[in-house]
Amino acid sequence: RPPFFPPPHHLLSQVENKVPPGPVLQKWNASFPEFSDITTFLHYAANLASYIDERADSAEIWKDDIFVSRTFNAVVHQLLSLSRHAEVLDQGVPPPQLVVREAIRRACIILFGLLREKFSVESGIAQHRIRVKELLVQRPVDWSGFLELRLWVLSIASLAVEDDEASWYIDQIKGTIEEMG
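Being a predicted model, the structure only gives us computed values, none of them experimental.

Looking at the packing of helix α2 (residues 36-55) against helix α3 (residues 65-81)
A pair of packed helices is characterised by two quantities: the angle between their axes and the separation of those axes.
Alright, step 1. Where α2 contacts α3, the axes come no closer than 9 Å and their chain directions differ by 155°. Here α2 lies roughly antiparallel to α3, going by the angle between them. Crossing hand, α2 versus α3: left-handed. Packed against α2, whose contacting residues are Phe41, Tyr44, Leu48, Tyr51 and Ile52, the element α3 presents Phe67, Thr71, Phe72, Val75, Gln78 and Leu79 at the interface.

Written out as structure tokens, the structure reads:
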């Protein structure tokens, strides 16, 4: 279900636009412009991560309620506003690029859940922990040309798994790295 209110773009002014989209995201946009919403979000997320990284050594960022409520949660709102394309994913064989986009979206949910925990905010991570693996197992697709994105998805998702699930992610990460050469 999408959020009831539009994203509060005016609150994102605290985060500077420092991180340009990398070559993989530019290639994604050129190949699949209909799914550029995910790269737009990743761009916001990269700038937010840069902002947090610059302040992470100081414990203040992790206690800054104004930052969390205005800036961080504004980016979370954008993430939760991304279309889920559930009806297409649940019927037949969805286009591979849609499966990749959904894997990225689900990995972002895990990433932001982990960050919410760092900010001492309820994350809901438990309900999303398995969803990346489920998608990748149920909807295997060829990630050729976007193996860096697969590696990122697997790496982020692996941060939230229970010990008994870790070996699957390790094998997938290893296989992806070998495929990358």
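Looking at helix α8 (residues 147-158)
Alright, step 1. With twelve residues, α8 ought to run about 16 Å at 1.5 Å a step, and its terminal C-alpha atoms sit 16 Å apart, in line with that.
Alright, step 2. If you check which residues of α8 are buried, you get Leu147, Leu149, Arg150, Val153, Leu154, Ile156 and Ala157.
Alright, step 3. Buried residues along α8 sit against α1 (23-31), α5 (96-118), α7 (131-138) and α9 (166-180).

Some remarks on unusual backbone geometry
Alright, step 1. Phi at His85 is positive, roughly 50°, even though this residue is not glycine.
Alright, step 2. Tracing the chain through its elements places His85 in the loop between α3 and α4 (86-90).
Alright, step 3. Residues other than glycine seldom take positive phi values, yet Ser120 does so here, at roughly 60°.
Alright, step 4. Inspection of the secondary structure assignment puts Ser120 in the loop between α5 and α6 (125-128).

Digging into the pattern of salt bridges
Alright, step 1. One pass over the structure, following the stated rule, counts six salt bridges.
Alright, step 2. Between Glu102 and Arg105 there is a salt bridge, and its shortest N-O distance comes to 2.6 Å. Of the two residues, Glu102 and Arg105 both sit in helix α5, three residues apart, roughly one turn of that helix. Just as Glu102 is buried, Arg105 falls in that class too.
Alright, step 3. Taken together, the salt bridges that share partners define one network made up of Asp37, Arg101, Glu102, Arg105 and Arg106.

Topic: the nonpolar core
Alright, step 1. Within the largest apolar cluster, 51 residues are counted, with the highest numbers of intra-cluster contacts made by Phe67, Phe72 and Phe112.
Alright, step 2. Listed by contribution, the elements that provide at least two residues to this core are α1, α2, α3, α5, α7, α8 and α9.
Alright, step 3. A per-element tally of this core places α5 first, with eleven residues.

About the thresholds
Residues numbered from 1 in each chain as written. Predicted model: local features only at pLDDT ≥ 70, side-chain atom pairs only at ≥ 80, totals over all residues. Heavy atoms only, no water. Axes fitted to C-alpha atoms, helices over the stretch in contact; angles between N-to-C directions. Helix = DSSP H or I, 4+ residues; strand = E, 2+ residues; numbered from the N terminus. Parallel < 35°, antiparallel > 145°, perpendicular 65-115°, else oblique. Left-handed = near helix turned anticlockwise from the far one by under 90°. Contact = heavy atoms within 4.5 Å. Expected span 1.5 Å × (residues − 1). Buried < 20%, exposed > 50% of the residue type's maximum accessible area, 1.4 Å probe, protein only. Salt bridge = Lys/Arg side-chain N within 4 Å of Asp/Glu carboxyl O. Core = buried A, V, L, I, M, F, W, Y, C linked by side-chain atoms within 4.5 Å.

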